[in-house]
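# Descriptive structure summary
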Amino acid sequence: MCPEEPNSKLQQLFERFNRRYWRGRLPHYTVIVSDKYVGARCEKRDRIIYINPSIPPRSVPQFLLHEMAHAAVKGYAHGKLWRDEMERLIRLRAPLKGELAAYSPEAVPQTLASILPEFFDAAFLSDQTWREVWRHKAYGYGFTDRTGRVENQYAAQVRHKARREWMRGRRLRRSYGGFAP
């Protein structure tokens, strides 16, 4: 496990990108190298950007700009405002080659309604416990840290709705005698 500590080189890169692409208007964020999250994550409330140490050094600028775009817009998801910000950065020739393709509306579930059925399916089609399903899926979607702990009210609401879907899938599985048809 990597200790959570600010990284001076990444902090300098943040400041350089802030001046170049946002004219210094982004508030100060502390950039921390940590394996707390997969890839990278922007925590707006605490003004911290986490960068996982497993990211290849040549990809770090792309990950940092991605998280800085989150810091620059309202909301937490990869929705229209964030994509617009990324397109603006690409027009300014930021090092984001191919970044938006992975976050097109077709590539990423953009609504809770498109995510919740996965919890139903996991309960209906597998023997995984609720905790196993939540930790894996919620971490993958960025609703939790690696321990499975939610960090904001929206994630807590998602957990409640996802648990309801998981229970619905489990009840249906039991009605089929404990196995999926």
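Look up a bit, the structure's there.
Now for a look at the structure at hand.

What follows covers unusual backbone geometry. Positioned with a positive phi, Arg47 is a non-glycine residue whose angle comes to about 55°. Position of Arg47 relative to the elements: it lies in the loop between strand S3 (40-43) and strand S4 (48-51). With phi around 65°, Arg93 is a residue other than glycine that occupies positive phi space. Position of Arg93 among the secondary structure elements: in the loop between helix H3 (80-91) and helix H4 (112-125).

Along any regular strand, the residues point their side chains to alternate faces of the sheet. Taking every second residue as pointing to the same face, both faces of S3 are buried, with Ala40 and Cys42 on one and Arg41 and Glu43 on the other. As paired strands, S3 and S4 are joined by four bridges and run antiparallel to one another. The residue of S4 that forms the bridge with Glu43 is Ile48. Between S3 and S4, which pair antiparallel in sequence order, lie four residues; one of them, Arg47, sits at a positive phi of approximately 55°.

The geometry of H4 relative to helix H6 (residues 153-175) is characterised by a closest axis approach of 7 Å and an angle of 40° between their N-to-C directions. The orientation of H4 with respect to H6, classified from their angle, is oblique. Considering the relative orientation of H4 and H6, their crossing is right-handed. When H4 is examined against H6, the residues Leu112, Leu116, Phe119, Phe120, Ala123, Phe124 and Leu125 are found in contact with a partner set consisting of Tyr154, Val158, Lys161, Ala162, Glu165, Trp166, Arg168, Gly169, Arg170, Leu172 and Arg173. Of the residues in the contact of H4 with H6, the class split is twelve nonpolar, one polar and five charged.

This paragraph deals with the pattern of salt bridges. Following the criterion strictly, the structure yields five salt bridges and no others. With a shortest N-O distance of 2.4 Å, Asp127 and Arg173 are connected by a salt bridge. Placement of the pair is Asp127 in the loop between H4 and helix H5 (130-140) and Arg173 in helix H6, with a sequence separation of 46 residues. For Asp127, a relative accessible area of 64% gives the class exposed. You can call Arg173 buried: its relative accessible area is 10%.

So, how was this worked out
- Residues numbered from 1 in each chain as written.
- Predicted model: local features only at pLDDT ≥ 70, side-chain atom pairs only at ≥ 80, totals over all residues.
- Heavy atoms only, no water.
- Helix = DSSP H or I, 4+ residues; strand = E, 2+ residues; numbered from the N terminus.
- Buried < 20%, exposed > 50% of the residue type's maximum accessible area, 1.4 Å probe, protein only.
- Pairing = 2+ DSSP bridges.
- Axes fitted to C-alpha atoms, helices over the stretch in contact; angles between N-to-C directions.
- Parallel < 35°, antiparallel > 145°, perpendicular 65-115°, else oblique.
- Left-handed = near helix turned anticlockwise from the far one by under 90°.
- Contact = heavy atoms within 4.5 Å.
- Nonpolar A, V, L, I, M, F, W, Y, C, P; charged D, E, K, R; others polar.
- Salt bridge = Lys/Arg side-chain N within 4 Å of Asp/Glu carboxyl O.

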